[in-house]
Structures are given as C-alpha cells and as structure tokens.
Amino acid sequence: MLDYLNQTLGLEATITPWADADRFPLYLRSGKKYFLLHIGGVECVLIETDKKTFSLPTFRRQMAKLPGQPEHLVLRFKHLESRQRKALIEAQIPFIVPGSQVYLPFLGVVLQERMKSARAAPGKLSPAAQMILLYLIYKPDVQLVRKVDLARRLELSAMNVTRAVQELEALELITVERVGRSDYVSAVDSGKSLYEKALPYMIDPVQKRRYVQKADLFSELPMAGEYALAAHSMLNGPQIECRAISRKKYKELDGIEEIDPAWTSSLDYIQLELWKYDPQPLVDYHAVDVISLALSLRANRDECVEQAVEELMEGYKW
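This one's a predicted model, so the numbers in the text were calculated from it and none came from an experiment.

For the protein chain, the helix and strand inventory stands at 12 helices and 13 strands. Its C-alpha radius of gyration of 27 Å places the protein chain more than 25% over the 20 Å reference for a compact globule of 318 residues. A principal-axis box enclosing the C-alpha atoms of the protein chain has dimensions of 85 × 45 × 35 Å. Looking at the protein chain as a whole, 41% of its 318 residues qualify as buried. A separation threshold of at least 6 residues defines the contact pool for the protein chain, and within that pool the share at least 24 residues apart is 64%. Counting 41 positive and 42 negative side-chain charges, the protein chain places the averaged centre of each group 8 Å from the other.

Structure (structure tokens):
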C-alpha cells in the first residue's frame with residue numbers, strides 16, 4: 001500500500017501499528033486492524049477492515065467512542081463495489097483501495113483509476129478453469145504463460161480461457177500480469193502445494209458414463225476409471241475396459257451403438273466416460289492424468305479402489 005501511495009500521490013507515506021489499539025474494547029477491535037499513517041505531513045488513523053462485515057451506521061457509532069478522537073480516520077479495503085464507494089464519498093469518509101482508488105478529502109486528494117469489477121470467488125472450478133490449473137500443476141517449470149498459449153495448448157476458446165483465468169485469480173490460485181499487449185498467467189505455488197490449495201474447489205470431471213459397442217476408434221482414447229487405475233497400481237483390472245472422451249467430441253461421433261449391460265451376455269463393449277473437459281491434452285502414458293483420475297473415482301466407495309487411489313496420490317512424483 002505504501003508503494004501505491006508514494007508512487008501514485010508523490011507524497012512520502014509511512015505506516016506503523018497503533019499500539020493504543022491493543023487496549024480497545026473487543027467491539028472496537030473485532031474485524032479491524034489499526035495503524036498510524038503519516039502522509040503529506042498529516043497523521044491519520046488507518047483502519048483496515050473487510051467490506052463483508054463493514055456497516056456505515058455501526059462504524060459511525062463505534063468511531064464516536066474511539067479513545068483519543070483522532071482528527072482524521074482513513075479506511076482501507078481490499079475491494080469495494082461502486083455503490084459502496086459512492087456511499088463512503090457521500091458520507092465524506094476517507095478511504096483507500098490500493099491499486100484502485102484514494103479518497104482523502106482532508107488532503108484534497110480524490111483519485112480513481114480504472115476499476116476492475118470484484119468477482120466473487122466460485123465455490124467450484126469450471127471445467128476450463130480446472131483444465132488450466134491442472135496444466136499449471138503438471139508444468140512447474142513454466143513460470144509465465146500467455147493466455148493465448150493456454151488456449152492453443154489446451155484447445156480452449158479465448159473466451160473460456162479469460163473466464164477461467166478470472167475464476168482462478170479470484171481464488172488466489174494464480175496471478176495475472178500485463179506485459180505489452182498480452183496477459184501472462186503464473187501459479188501462486190507449484191506441484192503438490194498448488195494441488196492441495198486447489199483440491200477443495202476441484203470437480204469430478206465425469207459428466208456421464210455410457211456403455212457402447214467396441215470400435216477401433218475407441219482404442220485411441222485414453223484409459224480411464226478403474227481400468228486406468230489398474231494400470232497404475234496392483235488393483236485387479238475390470239473385465240470391461242473404460243475410456244474417456246469429452247462430451248463435446250462424443251456428440252460429434254456418428255453410428256455409436258449404446259449397450260445395456262443388463263441385456264447382453266457378450267463382453268464386446270466398453271465403458272465410455274463423457275468428460276466435462278477434454279482429457280486428451282493432459283494424457284499421461286495413454287491414460288487420463290493422475291489428478292483427474294483420482295477425482296473421477298472420489299465417489300467410489302470400494303475399499304480396494306480407495307486404497308489404490310490413496311497410494312497412487314501418495315506415490316506420485318510431483
């Protein structure tokens with residue numbers, strides 16, 4: 001924040017913790033951090049708070065009881081919506097949103113840069129976002145990658161990549177840097193650490209499962225399900241092989257004969273997993289990638305399968 005104030009305003013700003021705040025009543029300390037901000041020769045009390053818990057009427061009541069009654073109070077937020085900024089300005093309450101806006105009327109400073117809309121972090125990743133994240137996990141040597149290159153390597157549209165990157169940025173799993181005319185994406189961590197941070201948001205890649213008559217074209221698809229897990233472990237493989245294909249590519253196939261296993265005595269069929277994203281760009285030795293495989297079997301309650309998945313992830317070389 002100091003760099004932002006110094007570089008943006010050209011004023012020397014310093015900040016120190018406000019020691020007196022440790023003695024405040026709990027209701028004044030809850031959800032807030034207090035600092036002393038010196039800027040332009042003026043001493044202010046800087047209060048760091050969260051817009052989710054902030055209430056203008058409550059703030060006014062609490063500040064009226066603040067010991068010492070400092071002359072200038074300045075609020076600091078990470079993000080604000082336009083209606084919230086407008087309410088603070090109308091109430092003439094100084095505030096700072098680093099990188100976006102400075103409203104310090106006692107210094108005659110009102111500065112608003114082009115605002116990025118604050119996006120709510122998603123509860124779960126979209127298929128495109130998960131695909132990009134997996135690529136970054138598997139490519140720890142890639143420090144920066146352009147969005148246009150992500151679209152090309154993962155066979156995604158530019159629009160899907162843009163939306164997916166915004167999701168991952170909102171979840172603080174990646175950072176985006178503008179260099180020239182291109183946006184460069186980098187992960188906040190690598191390998192296993194990035195995987196563990198992202199795991200709560202990851203989805204089961206399988207949309208549906210279908211049984212279809214065997215055909216040569218299916219042999220080119222990556223192995224999936226317990227069939228792929230058996231290739232990675234000591235698990236006995238199933239009688240029916242399983243392959244993965246994106247639901248989009250499946251819809252483009254002609255002449256597919258679906259089979260009902262309950263009404264056939266032949267084993268001349270396979271199971272197809274229709275995936276929410278294309279497994280092909282992330283294929284690992286003729287099988288779907290390891291993380292997606294584990295996610296696709298997360299709901300399987302067979303103890304042998306659960307143990308094999310656990311051993312697979314523990315033994316994986318990140």
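There's more to say after this.
Moving on to helix H3 (residues 56-64). Within H3, the full set of buried residues consists of Phe 59, Gln 62 and Met 63. End-on, the buried residues of H3 take up no more than an arc of 95°, which puts them together on one face. Opposite the buried face of H3, at more than 90 degrees from it, the exposed residues are Arg 61 and Ala 64. Against the buried residues of H3 lie helix H2 (26-29), strand E2 (33-39), strand E3 (42-48) and strand E4 (73-76).

With that out of the way, let us pick up the confidence of the model for the protein chain. Averaged over every residue, the pLDDT of the protein chain is 88; the share at 70 or more is 94%. Confidence over residues 114-118 falls short of pLDDT 50; this stretch has 5 contacts with residues more than four positions distant or in other chains.

Turning next to the sheet that holds strand E10 (residues 182-187). Consider a sheet: its strands pair through backbone hydrogen bonds, and that pairing is either parallel or antiparallel. In space, the 3 strands of this open sheet follow the order E8-E10-E9, with antiparallel pairing throughout. Because the sheet does not close on itself, it has two edges, and the strands there are strand E8 (145-146) and strand E9 (174-179). Sitting on the sheet, helix H7 (residues 158-170) touches E9 and E10, and the angle it makes with E9 is about 125°.

Further remarks concern the sheet that holds strand E11 (residues 206-213). Strands sit in the order E11-E13-E12 across an open sheet of 3 strands; the sheet is mixed. For this open sheet the edge positions go to E11 and strand E12 (242-246), each flanked by a neighbour on one side alone. Between one strand axis and the next, the sheet turns through 30° on average, direction left out of account. For E11 and strand E13 (residues 269-275), the ladder comprises 7 bridges, and the chain directions are antiparallel. Looking at the pairing, Arg 209 lines up with Glu 273 of E13.

Looking now at the packing of aromatic side chains. All told, the structure shown has 11 aromatic pairs when counted by the stated rule. Seen in terms of ring centroids, Trp 18 and Phe 24 are 5.3 Å apart; in terms of plane orientation they differ by 85°. Their pairing is edge-to-face. Taking the relative accessible area as the measure of exposure, Trp 18 reaches 13% and is therefore buried. With a centroid separation of 5.2 Å and an interplanar angle of 85°, the aromatic rings of Phe 24 and Tyr 34 are classed as edge-to-face. You can see Phe 24 sitting in the loop between strand E1 (13-17) and H2 and its partner Tyr 34 sitting in strand E2, a full 10 residues away along the chain. Note on Phe 24: relative accessible area 5%, which makes it buried.

Residues Gln 101 and Tyr 103 line one face of strand E6 (residues 101-104) and the alternating positions Val 102 and Leu 104 line the opposite face, and both faces are buried. The pairing of strand E5 (residues 95-97) with E6 spans 3 bridges and is classified as antiparallel. Note that in E6 the partner of Val 97 across the bridge is Gln 101. Hairpin remark: E5 followed by E6, antiparallel, with 3 residues in the connecting loop; positive phi at Gly 99, about 85°.

On to the pattern of salt bridges, then. Opposite charge on two side chains permits pairing when their charged atoms draw close. Per the stated rule, a full pass over the model turns up 13 salt bridges. Note that Asp 183 is salt-bridged to Lys 147, the shortest N-O span being 3.4 Å. On the criterion of sequence distance, the pair formed by Asp 183 in strand E10 and Lys 147 in helix H6 (residues 147-154) is long-range, its members being 36 residues apart. When its relative accessible area of 19% is taken as the criterion, Asp 183 is described as buried. With a shortest N-O distance of 2.9 Å, Glu 241 and Arg 243 are connected by a salt bridge. The pair formed by Glu 241 and Arg 243 is uniform in burial state, with each residue classed as buried. Ionic contacts of the salt-bridge type, sharing partners, join the residues Arg 146, Asp 149 and Arg 152 into one network.

For the rest of this paragraph, the subject is the nonpolar core. What tends to happen in soluble globular proteins is that the nonpolar side chains get buried as a cluster. Counting 51 residues, the largest nonpolar core has Ile 132, Leu 133 and Met 202 as the members making the most contacts within it. Taken together, the elements giving at least two residues each to this core come down to helix H5 (127-138), H6, H7, helix H8 (191-198), helix H9 (225-232), E12, helix H11 (290-296) and helix H12 (303-315). If one sorts the elements of this core by residue count, H5 sits on top with 9 residues. Apart from residues no more than four positions distant in its own chain, Leu 133 is found in contact with Leu 125, Leu 168, Leu 173, Leu 194, Ala 198 and Met 202. Leu 28, Leu 36, Ile 47 and Tyr 103 belong to the second-largest nonpolar core, a separate cluster that totals 20 residues.

What follows covers unusual backbone geometry. Even without a glycine there, the phi angle at Glu 155 is positive, about 55°. Of note, Glu 155 is situated in the loop between H6 and H7. The exposure class assigned to Glu 155 is exposed, which follows from its relative accessible area of 57%. A positive phi is found at His 286, a non-glycine position, where the angle reads about 70°. Within the element layout of this structure, His 286 appears in the loop between E13 and H11.

Calculation criteria
- Residues numbered from 1 in each chain as written.
- Predicted model: local features only at pLDDT ≥ 70, side-chain atom pairs only at ≥ 80, totals over all residues.
- Heavy atoms only, no water.
- Helix = DSSP H or I, 4+ residues; strand = E, 2+ residues; numbered from the N terminus.
- Rg over C-alpha atoms; globule rule 2.2 N^0.38 Å.
- Buried < 20%, exposed > 50% of the residue type's maximum accessible area, 1.4 Å probe, protein only.
- Contact = heavy atoms within 4.5 Å.
- Lys, Arg positive; Asp, Glu negative; His and termini not counted.
- Charge placed at Lys NZ, Arg CZ, Asp CG, Glu CD.
- Arc of directions from axis to C-beta.
- pLDDT = per-residue confidence, 0-100.
- Pairing = 2+ DSSP bridges.
- Axes fitted to C-alpha atoms, helices over the stretch in contact; angles between N-to-C directions.
- Phe/Tyr/Trp six-rings, centres within 6.5 Å; stacked < 30°, edge-to-face > 60°.
- Salt bridge = Lys/Arg side-chain N within 4 Å of Asp/Glu carboxyl O.
- Core = buried A, V, L, I, M, F, W, Y, C linked by side-chain atoms within 4.5 Å.

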